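Secondary and tertiary structure notes
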Amino acid sequence: METVTPYKEIIELVHENGGEAFSRCFQCGLCDVVCPWNRVRQFSMRKIVRQAALGLTEIESEDIWLCTTCGRCPQHCPRDVNQIESGVSLRRIAAEYGVFPKSVTPLKTVRASLVSEGNPLNEDRAKRADWAEGLSVDDFSEEKEILYFTGCYFSYDPRLKKVARAATGILKRAGVDFGILGTRENCCGESIRKIGDEELFRRLARENIKTFIDNGVRRILVSSPHCYHTFKNEYPEFMVHFEIVHMAQYLNELICEGKIKFSKDYPKVITYHDPCYLGRHNGIYDEPRDVLNKIPGLELREMPDTRVDSLCCGGGGGRIWMETAKGERFSDLRLQQAMDTGAEVLATSCPYCINNFEDSRLTLEATEKMTVMDITEIVAEAI
Ligand code: SF4
Ligand code: SF4
């Protein structure tokens, strides 16, 4: 009896934290067949599900932190086990008990930074709008047509600030009446929720929602698919609704309306990587390709594992903040696939993908062969 009680407790904890769907699994193993981890090392979502259903989860194990929430296995699961939400339930338990394996310890700093500064990068909140210095970007006010919610990585990361600056240049040229919230903006909270810190997610979300309401925000433009996903699909849990537009959609809209015109040829071969949170999680596959195909002179080539089958970069589910061993990074595989197409530019539309691909360019010594760009930067160069 002494051993049965803890098992029962784990099962109860799993259920309390939203993992009751684990019990539906009939161990077909399809999740393991499609999971990108099995291209680089052994990993079994099927086993995690089995152990959780029986109350045998090893909360201290690294395995519960590996899932990138890429969305591949939920699409194939015949029993609707909701591997992502169920997996997050295990992380919630581990986070509650403060049990983190070594590769996951950076999360403590991330959390502290989110609490004190509203961003995961240990950056000063007061500097959140510094990326826009010299660009004469307006503060958002109620009269503005659209809010450009810049997001943490585009606000602070030196590589990604260039994307935010490119976006601003395009919006101004297209005559869009937009503004930014600057220091009033908080992290959207998407990734912290996926690592199991529900309380902090709710706090960040509530603060953002209050700011949106207080400032009369109706339509929100984002460059990150993670902001897009959480504003569109998760903030409605708080009984609010804003119109959310991803930059790939908006650029396409502006081109179709004739507000963006291409003034020169862009004679480059480009391949496009579908970010998981733009593609699989939100079905936005065509707009980024439509944008690229409208640029004169540009040739778009497809990689294997594209659109609904896109190979994850490895950055979702909070993995962007964790250590991934050399030889186990999906982004290295993806960059190689991109190079194999003969393209000179790997285009995408997500800050995590860009970060990971930039790292892979160094790892694979491919800096001469391949450039990584957000589609916003490509459009900015072609107008
Ligand atoms: S695909 Fe679904 S039913 Fe099959 S093993 Fe994985 S979780 Fe279980
Ligand atoms: S969501 Fe993606 S990374 Fe996570 S277990 Fe499923 S296939 Fe693997």
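Only a predicted model underlies this, so the values are computations on that prediction, with no experimental measurement involved. For every chain, the first residue of the written sequence is number 1, and numbering continues from 1 onward in sequence order. All chains are assigned letters beginning with A, and all ligands numbers beginning with 1, in the order in which they are written. In keeping with the predicted nature of the model, local features appear solely for residues at pLDDT of at least 70, side-chain atom pairs appear and are counted solely at 80 or more, and the whole-chain, interface and lining totals rest on all residues. Side-chain descriptors were evaluated using all non-hydrogen atoms of the structure, hydrogens and water having been removed beforehand.

1. Looking at the nonpolar core
Where we set the bar: Definition of nonpolar core: a set of buried residues of the types Ala, Val, Leu, Ile, Met, Phe, Trp, Tyr and Cys, connected through side-chain atoms within 4.5 Å. Think of it in three bands: residues with accessible area under 20% of the maximum for their type are buried, residues over 50% are exposed, and the middle band is partly exposed, with areas taken using a 1.4 Å probe on protein chains only. Contact definition: two residues touch when any of their heavy atoms are within 4.5 Å.
By size, the foremost hydrophobic cluster in this structure holds 122 residues, and its most contacted members are Phe212, Ile220, Phe231, Ile260, Leu292 and Ile378. In this structure Ile220 touches Ile146, Leu147, Phe149, Phe212, Phe231, Phe242, Glu243, Ile244 and Val245, once residues within four positions along its chain are discounted.

2. Details of the site of ligand 1
Where we set the bar: By convention in this text, a residue qualifies as near a molecule or strand provided that one of its non-hydrogen atoms is within 4 Å of it. Following the grouping adopted for this structure description, the nonpolar residues are Ala, Val, Leu, Ile, Met, Phe, Trp, Tyr, Cys and Pro, the charged ones are Asp, Glu, Lys and Arg, and the polar ones are all others, Gly among them.
As a matter of local geometry, ligand 1 sits amid 13 residues, with Cys25, Cys28, Gly29, Cys31 and Cys77 nearest to it. For the shell around ligand 1, the per-class residue count stands at eight nonpolar, three polar and two charged.

3. Notes on the sheet that holds strand β1 (residues 146-149)
How we decide: Following DSSP output, two strands are said to pair if at least two bridges run between them. Helix numbering and strand numbering both begin at the N terminus, where a helix is a DSSP run of H or I of at least 4 residues and a strand a DSSP run of E of at least 2. Here the axes come from fitting lines to C-alpha atoms, over the contacting stretch only for helices, and the angles between their N-to-C directions go from 0 to 180 degrees.
The four strands are arranged β2-β1-β3-β4 in an open sheet whose pairing can be described as parallel. Among the strands making up the open sheet, the edge pair consists of β2 (178-179) and β4 (243-246). Taken together, the two bridges between β1 and β2 define a ladder with parallel strand orientation. Bridged to Ile146 within β2 is Phe178. Each of β1, β3 (219-222) and β4 is contacted by helix α11 (residues 225-234), which is oriented at about 160 degrees to β4, the strand it contacts most. The strands touched by helix α12 (residues 247-256) are β1, β3 and β4; relative to β4, the strand with the most contacts, the crossing angle is about 85 degrees.

4. Regarding the packing of aromatic side chains
Using the following cut-off: Here a pair means two rings of Phe, Tyr or Trp (six-membered ring of Trp) with centres within 6.5 Å. Their orientation is stacked below 30 degrees between planes, edge-to-face above 60, and tilted elsewhere. Put simply, a charge is over a ring when the Lys NZ or the Arg CZ is close to the ring centre, within 6 Å, and near the line of the ring normal, within 35 degrees.
Taken as a whole, this structure holds 13 aromatic pairs when the rule is applied. Seen from their ring centres, Phe201 and Phe238 are 6.2 Å apart, and the 55 degrees between their planes marks the pair as tilted. A residue pair is termed long-range when its members are at least 10 positions apart, and Phe201 in helix α10 (residues 198-214) and Phe238 in the loop between α11 and β4 qualify at 37 residues. Note on Phe201: relative accessible area 0%, which makes it buried. Above the face of the Trp37 ring, Arg41 is positioned so that its terminal group lies 6.0 Å from the ring centre. Note that Arg79 overlies the ring of Phe26, its terminal NZ or CZ placed 4.1 Å from the centroid.

5. Remarks on the packing of helix α8 (residues 158-173) against helix α15 (residues 351-363)
For clarity, the threshold we go by: Angles are sorted into four bins: roughly parallel if under 35 degrees, roughly antiparallel if over 145, roughly perpendicular if 65 to 115, and oblique for all others. Crossing handedness: left-handed means the near helix sits turned counterclockwise from the far one by under a right angle, and right-handed means the same turn made clockwise.
Look at α8 against α15: their axes get within 10 Å of each other, and the N-to-C directions meet at 135 degrees. Between α8 and α15, the angle is such that the two are oblique. Every pair of crossing elements has a handedness; the one defined by α8 and α15 is right-handed. Between α8 and α15, the residues in contact are Arg159, Leu160 and Val163 and Pro351, Ile354, Asn355 and Glu358, respectively. Across the contact of α8 with α15, the residue classes break down as four nonpolar, one polar and two charged.

6. Looking at the environment of Lys210
Residue placement: Lys210 occurs in helix α10. Its relative accessible area of 52% is what places Lys210 among the exposed residues. In this structure, the C-alpha to C-alpha distance between Lys210 and Leu30, residues 180 residues apart in sequence, is 42 Å.

7. Things to note about a negative patch on the surface
Spelled out, the test is: Like charges are joined within 9 Å and nonpolar side chains (Val, Leu, Ile, Met, Phe, Trp, Tyr) within 5 Å, but only among residues with over 30% relative accessible area and no salt bridge; these make up the patches. Values of accessible area rely on a 1.4 Å probe in the Shrake-Rupley scheme; residue burial ignores everything except the protein chains shown. Put simply, a salt bridge is a Lys or Arg side-chain nitrogen that is within 4 Å of an Asp or Glu carboxyl oxygen. When charges are tallied, Lys and Arg are placed among the positive residues and Asp and Glu among the negative ones, while His and the ends of the chain are skipped. Charge coordinates come from a single atom per side chain, which is NZ of Lys, CZ of Arg, CG of Asp or CD of Glu.
On the surface, Glu9, Glu12, Glu16 and Glu96 cluster together to form a negatively charged patch. Take the negative patch: its biggest share by element is three residues, from helix α1 (residues 4-16). Topologically, Glu16 is positioned in helix α1.

8. Structural notes on the sheet that holds strand β6 (residues 299-301)
Sheet architecture is open: four strands sit in the order β6-β5-β7-β8, paired in parallel fashion. This sheet does not close on itself; its edge strands, each paired only once, are β6 and β8 (371-374). Pairs of neighbouring strands in the sheet enclose a mean axial angle of 35 degrees, with direction left out of account. Relative to β6, strand β5 (residues 269-272) runs parallel, the two sharing three bridges. Bridging from a neighbouring strand, Ile270 pairs with Leu300 of β6.

9. Observations regarding the pairing of β8
Note on strand geometry: in a regular strand, side chains alternate between the two faces of the sheet. To keep things clear, this is the line we draw: For crossovers, right-handed means that the path from the first strand over the helix to the second runs clockwise, given strands pointing away from the viewer.
With four bridges connecting them, strand β7 (residues 345-348) and β8 associate as parallel partners. Directly across from Ala347, in β8, lies its bridge partner Met373. On the question of chirality, the crossover connecting β7 to the parallel β8 by way of α15 is right-handed.

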